[in-house]
Amino acid sequence: MRRFSYLWLVLLGLPQLALAQGGRTFFGDATREEEQVEVREAKGDSNVSFIDSAIPLNRIRTRYDLSYLNKRPTRAEFLYTKESFLLPETRVDQQEISTYGELAFSPWISVFFETPFRMVNPEVNRNISGSGDTSFGFKFSVFDTEMFLTTFQLRAYAPTHAEPILGNSWALEPALLANFKLSEYLSFEGEVRYWTALNDRPAQGNVLRYGLGVIYGHRTGDMVTIMPVAEFVGWTALGGQTDILHPDGSIETRSAYMSTILNGSLGFRTALGDVADVYLGYSRAFSGPAWYRDLFRLEVRFMY
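**Student:** Could you clarify how one ought to interpret the overall build of the chain in this entry?
**Tutor:** The helix and strand inventory of the chain stands at 2 helices and 15 strands. Per-residue burial for the chain yields a buried fraction of 50% across its 304 residues. Contacts spanning at least 24 positions in sequence make up 62% of the contacts within the chain whose residues lie at least 6 apart.

Rendered as structure tokens:
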């Protein structure tokens, strides 16, 4: 439990920092809900795709991912477990269609649910498709000003499949998400997430994830608006193992501890008025290790 202690200290300290800086927090009677609605409208929506949004909002999203060249699919058992493949695997490509729904009870808090459908295409083992791990959780804003928003998010993963290749296991992922509006046209979004599986398999390790996004542009009423989005996302495995298949057929098991994967992403979000938008983007791994070398993404969102 010690690994969560620093996170809770940060969460407990944020409200006091907000009050000291004249910000608005959930813990206090100084701010009315109507004022929070005005702040949220002034801030606008989140426009990143590979980073989770810090703004609790009512939205529905459908996403289609095409990912290629995962040459170490069981690294830290983050994406696939060793039981996922009957034979040692050299490469995995994957397609995934996911549906995400979020319901905001107030400007402070929302709940969400996400379910994926995966089509996994290994190089050695057989192809398979079906439902992946379902995730669900909540967002809770702990620090909110007209320019800056910090949100605590807790996401849980539940296996909903019969085939281990389609998912992983029960897992928890606490996160801190941020949204910083520098100007009317320029904003930044970031995240720090900690994924931990609820089992004691030696091949599976906890994974620290972190990201930063830069967005230029904003919605303009009923007009069509195109906003470029650049994102950087990194993962560091804090334990677990990875298997390496050599040309002679032998398998070498190495520690995955401190393996770091870095991805850069570029895309465009096209806002169709205030209620819908479309995102098209590409992500590339530029570190030696990679979950995937290339990923293409298309997503459609509706706000209600």
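**Student:** Whenever I open this one, unusual backbone geometry confuses me. Can you help?
**Tutor:** The phi angle of most residues is negative, glycine excepted, and most peptide bonds adopt the trans form. Notably, Ala 76 is not glycine yet its phi reads approximately 55 degrees, a positive angle. Its location among the elements puts Ala 76 in the loop between β1 (59-70) and β2 (92-104). Its relative accessible area of 0% is what places Ala 76 among the buried residues. Even without a glycine there, the phi angle at Met 258 is positive, about 65 degrees.

**Student:** What am I meant to see in the packing of aromatic side chains here?
**Tutor:** The geometry of an aromatic ring pair is captured by two quantities: the separation of the ring centres and the angle between the planes. Enumeration according to the criterion identifies 14 aromatic pairs in this entry. Here the aromatic rings of Tyr 185 and Tyr 216 are separated by 5.9 Å at their centres, their planes lie at 25 degrees, and the arrangement is stacked. Here Tyr 185 is found in the loop between β7 (171-181) and β8 (186-197), whereas its partner Tyr 216 is found in strand β9 (residues 207-216), with 31 residues between them in sequence. Members of the aromatic cluster, joined through ring pairs, are Phe 78, Trp 195, Trp 235 and Trp 291.

**Student:** Explain the confidence of the model for the chain to me, please; I cannot follow it from the model alone.
**Tutor:** One rule of thumb: low pLDDT means the predicted coordinates there are not for detailed reading. Per-residue pLDDT for the chain has a mean of 85; in total, 85% of the residues score no lower than 70. Of the regions scoring below 50 in pLDDT, residues 1-33 engages in 45 contacts with residues more than four places distant in sequence or in other chains. Between residues 35-40, whose pLDDT stays under 50, and residues either more than four places distant or in other chains, the model counts 18 contacts.

**Student:** Mind showing me how you'd approach the pairing of β1 here?
**Tutor:** Looking down a regular strand, the side chains alternate between one sheet face and the other. Sheet topology places β1 next to β2; 10 bridges connect them, and they run antiparallel. Among the inter-strand pairings, Ser 67 is bridged to a residue of β2, identified as Gln 94. Inspection of the sheet shows β1 paired to strand β15 (residues 294-303) by 10 bridges, in the antiparallel sense. Bridged to Arg 59 within β15 is Met 303.

**Student:** Help me understand a nonpolar patch on the surface in this model?
**Tutor:** Taken together, Ile 60, Leu 103, Phe 105, Val 111, Phe 302 and Tyr 304 make up a surface patch of nonpolar side chains, about 600 Å² in accessible area. Relative to the helices and strands, Val 111 is located in strand β3 (residues 109-122).

**Student:** I would appreciate a short explanation of the environment of Asp 294 in the present structure.
**Tutor:** With respect to the element layout, Asp 294 can be found in strand β15. Note on Asp 294: relative accessible area 13%, which makes it buried. Residues Asp 294 and Leu 69 lie 225 residues apart in sequence; the distance between their C-alpha atoms is 6.9 Å. Beyond its immediate sequence surroundings of up to four residues, Asp 294 is in contact with Leu 66, Ser 67, Tyr 68, Leu 69, Tyr 282, Ser 283 and Arg 284. A polar atom in the side chain of Asp 294 sits 2.4 Å from the side chain of Tyr 282. One polar contact links Asp 294 to Arg 284, side chain to side chain, over a distance of 2.7 Å.

**Student:** Looking at this structure, how should I read the pattern of salt bridges?
**Tutor:** Close approach of charged atoms allows side chains with opposite charge to pair. Following the criterion strictly, the structure yields 21 salt bridges and no others. Between Asp 52 and Arg 193 there is a salt bridge whose closest N-O contact spans 3.5 Å. Residue Asp 52 is located in the loop between α2 (33-43) and β1, and its partner Arg 193 is located in strand β8; the two are separated by 141 residues in the primary sequence. By relative accessible area, Asp 52 is classed as buried at 15%. Asp 243 is the partner of Lys 82 in a salt bridge, and the nearest nitrogen-oxygen pair spans 3.4 Å. One end of the pair, Lys 82, is in the loop between β1 and β2; the other, Asp 243, is in strand β11 (residues 241-245), and 161 residues separate them in sequence. Classification of Lys 82 by relative accessible area gives partly exposed; the value is 28%. Sharing partners across several salt bridges, the network here consists of Asp 52, Arg 61, Glu 114, Arg 155, Glu 173, Glu 191, Arg 193 and Arg 209.

Conventions we followed
Residues numbered from 1 in each chain as written. Predicted model: local features only at pLDDT ≥ 70, side-chain atom pairs only at ≥ 80, totals over all residues. Heavy atoms only, no water. Helix = DSSP H or I, 4+ residues; strand = E, 2+ residues; numbered from the N terminus. Buried < 20%, exposed > 50% of the residue type's maximum accessible area, 1.4 Å probe, protein only. Contact = heavy atoms within 4.5 Å. Phe/Tyr/Trp six-rings, centres within 6.5 Å; stacked < 30°, edge-to-face > 60°. pLDDT = per-residue confidence, 0-100. Pairing = 2+ DSSP bridges. Patch = residues over 30% accessible without salt bridge, like charges linked within 9 Å, V, L, I, M, F, W, Y side chains within 5 Å. Areas by Shrake-Rupley, 256 points an atom, 1.4 Å probe, with all protein chains shown as cover. Salt bridge = Lys/Arg side-chain N within 4 Å of Asp/Glu carboxyl O. Polar contact = N/O pair within 3.5 Å; in protein donor to acceptor, adjacent residues only side chain to side chain.

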